[in-house]
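Topology and contacts: notes
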Amino acid sequence: MLKSLLPLVALAAPAAAQDTIRADVARDLPSLVAIYRDLHANPELSGKEVRSAGILAAEARKAGFEVTEKVGGTGVVAVLRNGPGPVVMLRADMDALPVPEQTGLPFASKVPNAMHACGHDTHMTSWIGTARRLAAMRSRWSGTLVMIGQPAEETIEGAKAMLKDGLFTRFPKPEFVIGFHDSASLPAGTIGYTPGYALAAVDSIDILVKGVGGHGAAPATAKDPIVLAARIVTTLQTLAAREIDPQDAVVVTVGSIHGGTKHNIIPAEVKLQLTVRSYAPETRAKLLDGIRRIARGEAIAAGLPDDLMPAVTSFGPAGVATFNSEALTNRLGTVFAARFGQERVQPVKASMVSEDFPEFRRADPDRIQSSIFWVGGVPRAKWDETGGDPTKLPSLHSPYWAPDAEAVIGTATEAMTAAALEVLGKR
């Protein structure tokens, strides 16, 4: 069972021998893998993480934490007070995705159309491992540890819900917030970190393109929304290509277009769905304003009256960009490199995927430092076989995503434990 972790142990940096964390994690790994496989086989969608939350809560209680459940829905808050010192919060998200699993794993999801395709099962399991380690090492640190199991990350709702339910008023307010995410772009057991902007803001935009329906053989008697929608889609690409600084990464993707019912009928409307990604707030505002301007401008060019202008609306909650506090992130990068060896730790480029992790720092940016890092999950054999080309590998959210869970959990548990020890007061 522990076979996949053995090469990682051999890569240990000399500093790692100064404590027993790695050995303790290795001894705990069979128990953790059993929990992981149970969580993987029983995924729960966003906002419905009742069973998963119960497992986290029970494990935290066994480790000696004060545990509160049902925070912001199904959220779990576990607090361990251990004398004077800083307050550190460690976070794991719990929700699965509406994806039918196709990994072929013997412990594959038993729930139809639900799967941990983003690896949150490894996050929860590492959370449990970290809670066990830090509780057992109370003589090594002083301060207050707050560990949260967060629901509904995939819908960008869970962090806000926990904050609204008093996460920072009912419980100790953190000075440091740390999390990790498994990666489908790094070999198993490696760590990637990104100071500054790390993950993008996300906006989901709906555009209702209006027109005047008619017979396909007499287009002059109609106002064709399909042609107008095509113009809008094409012109939207100029936002990234011609209006945003080329060094400022943005994405404007039209992921869905629906309109019409038959070959010879011009419909009265077409629906577009967009995902928009950016980092800086001013860039985000420019993109959103540009989408509205382009939709209206193309409609005017097509001769549509004011009462048939496209309707541009936001769908669902938007997610802000993740900005990793540079001082904390660089500090953790140094700790990880000393512990795991430079060959297993590397700075990585920012990603255009989104998270609701930044909501915690956003609640009090002057007082809270936060950082989220990556732990590689691609099995080493597959990484070597593809030459480390992520385009040839299953991505996160793929029905085929099957990380080397033992390597992820072993590495992440050790890294999260070391990160917490770094920022908690020493005894």
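Residues numbered from 1 in each chain as written. Predicted model: local features only at pLDDT ≥ 70, side-chain atom pairs only at ≥ 80, totals over all residues. Heavy atoms only, no water.

**Remarks on the side chain of His181**
Here His181 is to be found in strand E5 (residues 176–187). Judged by relative accessible area, His181 falls into the buried class, the value being 7%. At 3.1 Å, the side chain of His181 forms a polar contact with the side chain of Asp182. The residues contacting His181, other than those within four sequence positions of it, are Cys118, His120, His123, Glu355, Ile372, Phe373, Trp374, Val375 and Leu396. (Helix = DSSP H or I, 4+ residues; strand = E, 2+ residues; numbered from the N terminus. Buried < 20%, exposed > 50% of the residue type's maximum accessible area, 1.4 Å probe, protein only. Polar contact = N/O pair within 3.5 Å; in protein donor to acceptor, adjacent residues only side chain to side chain. Contact = heavy atoms within 4.5 Å.)

**A look at the environment of Ala405**
Among the secondary structure elements, Ala405 is positioned in helix H11 (residues 405–423). It is 25 Å that separates the C-alpha atoms of Ala405 and Asn324, two residues lying 81 residues apart in sequence. Setting aside residues up to four positions removed in sequence, Ala405 forms contacts with Tyr36 and Thr122.

**Points about the sheet that holds strand E10 (residues 251–259)**
The strand order E10-E12-E8-E13 describes an open sheet built from four strands, whose pairing is antiparallel. Of all the strands in the sheet, the pair left with one neighbour each is E10 and strand E13 (311–314). Within the sheet, the average angular offset between the axes of one strand and its neighbour, ignoring direction, is 20°. Bridging between E10 and strand E12 (residues 269–278) involves eight bridges; their strand directions are antiparallel. For His258, the partnering residue across the bridge sits in E12 and is Lys271. Each of strand E8 (201–210), E10 and E12 is contacted by helix H6 (residues 225–243), which is oriented at about 10° to E12, the strand it contacts most. (Pairing = 2+ DSSP bridges. Axes fitted to C-alpha atoms, helices over the stretch in contact; angles between N-to-C directions.)

**Some points on the environment of Tyr197**
Structurally, the position occupied by Tyr197 is in strand E7 (residues 196–199). When residues no more than four places from it in sequence are discounted, the contact partners of Tyr197 are Tyr279, Ala280, Pro281, Ala321, Thr322, Phe323 and Ala350.

**Re the packing of helix H3 (residues 50–63) against helix H4 (residues 120–136)**
Taken N-terminus to C-terminus, the directions of H3 and H4 make an angle of 10°; their axes are 9 Å apart at the nearest point. With respect to H4, the axis of H3 lies roughly parallel. Across from Ser52, Ile55, Leu56, Glu59, Ala60 and Ala63 in H3, the residues of H4 making contact are Met124, Trp127, Ile128, Ala131, Arg132 and Ala135. Partitioned by chemical class, the residues of the contact of H3 with H4 number nine nonpolar, one polar and two charged. (Parallel < 35°, antiparallel > 145°, perpendicular 65-115°, else oblique. Nonpolar A, V, L, I, M, F, W, Y, C, P; charged D, E, K, R; others polar.)

**Considerations on the pattern of salt bridges**
In the structure shown here, the tally under the stated rule is 23 salt bridges. Of the charged contacts, one joins Asp289 and Arg292 as a salt bridge, the two residues approaching to 3.1 Å between their closest N and O atoms. Of this pair, Asp289 and Arg292 both sit in helix H7 (residues 281–301), three residues apart, which is roughly one turn of that helix. On the basis of relative accessibility, which here comes to 47%, the residue Asp289 falls in the partly exposed class. In this structure Arg292 comes out as partly exposed when scored by relative accessible area, which is 42%. Asp384 is the partner of Arg380 in a salt bridge, and the nearest nitrogen-oxygen pair spans 3.8 Å. One end of the pair, Arg380, and the other, Asp384, are both in helix H10 (residues 380–385), four residues apart, so they sit about a helical turn from each other. (Salt bridge = Lys/Arg side-chain N within 4 Å of Asp/Glu carboxyl O.)

**Some thoughts on helix H8 (residues 326–340)**
Across its 15 residues, H8 extends 21 Å between first and last C-alpha, which sits within 8% of the 21 Å expected from 1.5 Å per residue. At the C-terminal side of H8, Gly341 shows a positive phi close to 95°. (Expected span 1.5 Å × (residues − 1).)

**Some remarks on the confidence of the model for the chain**
The predicted model of the chain has a mean per-residue pLDDT of 95, with 96% of residues at 70 or higher. Segment residues 1–7: pLDDT under 50, and 15 contacts once partners within four positions in sequence are set aside and those in other chains are kept. Counted against residues more than four places away or in other chains, residues 9–17, with its pLDDT under 50, gives 17 contacts. (pLDDT = per-residue confidence, 0-100.)

**A word on the nonpolar core**
Phe65, Leu90, Ile178, Phe336 and Phe373 are the most contacted members of the largest nonpolar core, which has 60 residues in total. Examining the composition of this core, we find that 11 residues originate from one element, H11, more than from any other. Membership of the second largest hydrophobic core comes to 24 residues, among which are Ile232, Val250, Val270 and Leu274. (Core = buried A, V, L, I, M, F, W, Y, C linked by side-chain atoms within 4.5 Å.)

**Comments concerning the packing of aromatic side chains**
Tallied over the entire structure, the rule returns seven aromatic pairs. Seen from their ring centres, Tyr197 and Phe323 are 5.1 Å apart, and the 85° between their planes marks the pair as edge-to-face. You can see Tyr197 sitting in strand E7 and its partner Phe323 sitting in strand E14 (residues 322–324), a full 126 residues away along the chain. The rings of Phe180, Phe336, Phe340 and Phe373 are connected pair by pair, giving a single aromatic cluster. (Phe/Tyr/Trp six-rings, centres within 6.5 Å; stacked < 30°, edge-to-face > 60°.)

**Here's the deal with H7**
Here H7 is 21 residues long and its end C-alpha atoms lie 30 Å apart, about the 30 Å a rise of 1.5 Å per residue gives. The set of residues buried in H7 consists of Thr283, Arg284, Leu287, Leu288, Gly290, Ile291, Ile294, Ala295, Glu298 and Ala299. Projected onto a plane normal to the axis of H7, the buried residues spread over an arc of 155° and lie on a single side. For H7, exposure combined with an orientation more than 90 degrees from the buried face picks out Pro281, Glu282 and Ala301. The inward-facing, buried residues of H7 contact E8, H6, E10, E12 and E13. Gly303 sits one or two residues past H7 and shows a positive phi near 85°. (Arc of directions from axis to C-beta.)

**Some points on the pairing of strand E16 (residues 369–378)**
Burial analysis of E16 places nine of its 10 residues in the buried class, which makes it a mostly covered element. One ladder, built from nine bridges, connects E5 with E16; its direction is parallel. Bridge assignment links Ile178 to a residue of E16, and that residue is Ser371. Bridging between strand E6 (residues 191–193) and E16 involves two bridges; their strand directions are antiparallel. Across the sheet, residue Ile191 finds its bridge partner in E16, namely Val375.

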